Amino acid sequence: MLQIEALLRRHIGLEATAIGPGRIRQTIQQRMARRGLKSIAEYEQHLYESPAELDCLIEAVVVTETWFFRDRAPFDAFARMVTETWRPQHPTQTLRILSVPCSSGEEPFSAAMILADAGIAPDAFQIDAMDISQHALTRAARAVYSNNSFRGANLDFRQRHFQQVKGGFALNPVLRRSVSFQRANVLDAGFLASTPPYDFIFCRNLLIYFDRFTQASVLAKLHRSLAPDGVLFVGPAEVPIATRCGFTNLRLPLAFACHKSASAAGRRCRRPPRSTASPGPLDGGAGSPIPLVRPMLLPQASTSGPHRDAAVLSYAHELAASGRLEESAALCWRYLQRHPDCAECFYLLGLIQEVNHDPQAIESYRKALYLDPQHYESLERSMVWWEQQGHPARANVFKRRMLRLAQQRRRENRRDSEPLRPE
Ligand SMILES: C[S@@+](CC[C@H](N)C(=O)[O-])C[C@H]1O[C@@H](n2cnc3c(N)ncnc32)[C@H](O)[C@@H]1O
């Protein structure tokens, strides 16, 4: 078993402890059963002889959980930076964006949608999207998504950019064509070796699965491939990893955005103070607002009922993303008076409390999970919280729940991937 774990670490950087050795063991047993092999030794031998089987094992262990506008604020910050800073400074240049890992495409397509909404024509930008999972890339190429990919309060973008088809929602073909997908392993020596620099790189929710050495080596490649004034977006738990490896936190609230550190010395990876993937604060920092691309208007007074309420919650998210944390929290509390059972609202409140270093944050996530035990983002924040507090065992409880949920959704996605006919 240990040999197979080492093989996975060498090939894709996966650190067994990041997803739990139990999960790897279970996956190996399933693969052995599929191949009719009785012993681990036989399976290990088979893995060395058959690259196809290694691919199948990799497909089975990677966590491809993703959804549109995951964490929302990074995308708002991205659009703002493009329209306010990047475009005026590079009026004739094609904007180059990389999304790696892109999983089934929700992340690069979110970037494409928000650029389209900001009035940037599809021929003015290029989005490259890469992932190791062929299965995820096949789903991305199809660009038909089930409800699993649409989460959170604000789903207006679905009306603008998708068409309902049997069993899902198909992305507008113009946006679908604006992203080029490619299979890539970030550990390969040639990864990004000859690509021109990118202006924005999204590398979110990957580094947490790697050991320190692999994190540093992947970040060095991204560092080389990022334009001097470029921006790197990482996942909520990954900012401290990036700041140890030559990047500086831009401290945009909830955006997890970094740029290259000014000093060359910063490029050397520093030893982290605590555990490998020790996730850090959510900030940020409360004091640096990012104005949004879309004007932040409260929903029209004429709007009423659930639509108005959904718009209010979405507005609370926008306020938080723009750094207006107090206003956002006040709106959340008002919203909770009318909707005390809204998990999403407790989650947002938790995020704001976390940025403000308020220990009530974990209580808000607990309430969100009580109301919706499958609220993935609250599970993720709870895991990060307990890791930060130095309670790895508690953190693992949430990590296991996240992985179980991710597996369950993957099975559902597989079912949804059966061929669809337009309605
Ligand atoms: C949790 S998803 C993240 C997707 C998206 N960035 C997001 O944040 O929603 C992690 C992805 O990393 C991919 N992955 C894992 N190891 C990889 C590697 N060595 N090279 C490229 N992609 C990898 C997996 O296939 C999976 O799709």
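Taken together, 19 residues lie near the ligand, and Thr66, Arg70, Pro101, Asp131 and Asn205 sit nearest. At 3.3 Å from a nitrogen atom of the ligand is found a main-chain nitrogen or oxygen belonging to isoleucine 132. The residue makeup of the shell around the ligand, split by class, is eight nonpolar, six polar and five charged.

It is worth spelling out the confidence of the model for the chain at this point. Looking at the chain, the pLDDT average stands at 85 and 87% of residues meet or exceed 70. Predicted confidence is poor over residues 271-281, with pLDDT under 50, and the contacts of this stretch with residues over four places away or in other chains come to 30 contacts. A low-confidence stretch, residues 284-304 (pLDDT under 50), is modelled with 49 contacts involving residues beyond four sequence positions or located in other chains.

Okay, the side chain of glutamate 44 next. Inspection of the secondary structure puts glutamate 44 in helix H4 (residues 40-49). For the buried glutamate 44, no salt bridge is present, and the opposite-charge side chain at shortest range is arginine 10, 8.3 Å distant. Every residue in contact with glutamate 44, bar those within four places of it in the chain, is listed here: Gln3 and Ile4.

Now for the nonpolar core. Grouped together as the largest cluster of nonpolar side chains are 92 residues, with contacts concentrated most on Leu222 and Leu232. Among the elements that line this core, the one with the most residues is helix H15 (residues 343-355), at nine residues. In this structure, Ile114, Leu137, Phe202 and Phe233 belong to the second largest nonpolar core, which totals 41 residues.

For the rest of this paragraph, the subject is the sheet that holds strand S3 (residues 144-145). Across the sheet, which stays open at both edges, the three strands sit in the order S3-S5-S4 with antiparallel pairing between neighbours. At either end of the open sheet lies a strand with only one pairing partner, and these are S3 and strand S4 (162-165). Where S4 lies against strand S5 (residues 168-171), four bridges are found, and the strand directions are antiparallel. Residue pairing for S5: glutamine 163 is matched across the bridge by alanine 170.

Glancing now at the packing of helix H1 (residues 2-12) against H4. Two elements in contact, H1 and H4, have axes separated by 10 Å at closest approach and are oriented at 25°. Between H1 and H4, the angle falls in the class roughly parallel. In this structure, the crossing between H1 and H4 has a hand that is left-handed. Listed contacts from H4 to Gln3, Ile4, Leu7 and Arg10 of H1 are Ile40, Tyr43, Glu44, Leu47 and Tyr48. Residues of the contact of H1 with H4, tallied by class, amount to six nonpolar, one polar and two charged.

Below, the discussion takes up the packing of helix H3 (residues 21-35) against H4. At their nearest, the axes of H3 and H4 sit 10 Å apart, and the two run at 80° to each other. Here H3 lies roughly perpendicular to H4, going by the angle between them. Taking contact as the criterion, the partners of Ile28, Arg31, Met32 and Arg35 in H3 are, on H4, Ile40, Tyr43 and His46. In terms of residue class, the contact of H3 with H4 is made up of four nonpolar, one polar and two charged.

Cut-offs applied
Residues numbered from 1 in each chain as written. Predicted model: local features only at pLDDT ≥ 70, side-chain atom pairs only at ≥ 80, totals over all residues. Heavy atoms only, no water. Near = heavy atom within 4 Å. Polar contact = N/O pair within 3.5 Å; in protein donor to acceptor, adjacent residues only side chain to side chain. Nonpolar A, V, L, I, M, F, W, Y, C, P; charged D, E, K, R; others polar. pLDDT = per-residue confidence, 0-100. Contact = heavy atoms within 4.5 Å. Helix = DSSP H or I, 4+ residues; strand = E, 2+ residues; numbered from the N terminus. Buried < 20%, exposed > 50% of the residue type's maximum accessible area, 1.4 Å probe, protein only. Lys, Arg positive; Asp, Glu negative; His and termini not counted. Salt bridge = Lys/Arg side-chain N within 4 Å of Asp/Glu carboxyl O. Core = buried A, V, L, I, M, F, W, Y, C linked by side-chain atoms within 4.5 Å. Pairing = 2+ DSSP bridges. Axes fitted to C-alpha atoms, helices over the stretch in contact; angles between N-to-C directions. Parallel < 35°, antiparallel > 145°, perpendicular 65-115°, else oblique. Left-handed = near helix turned anticlockwise from the far one by under 90°.

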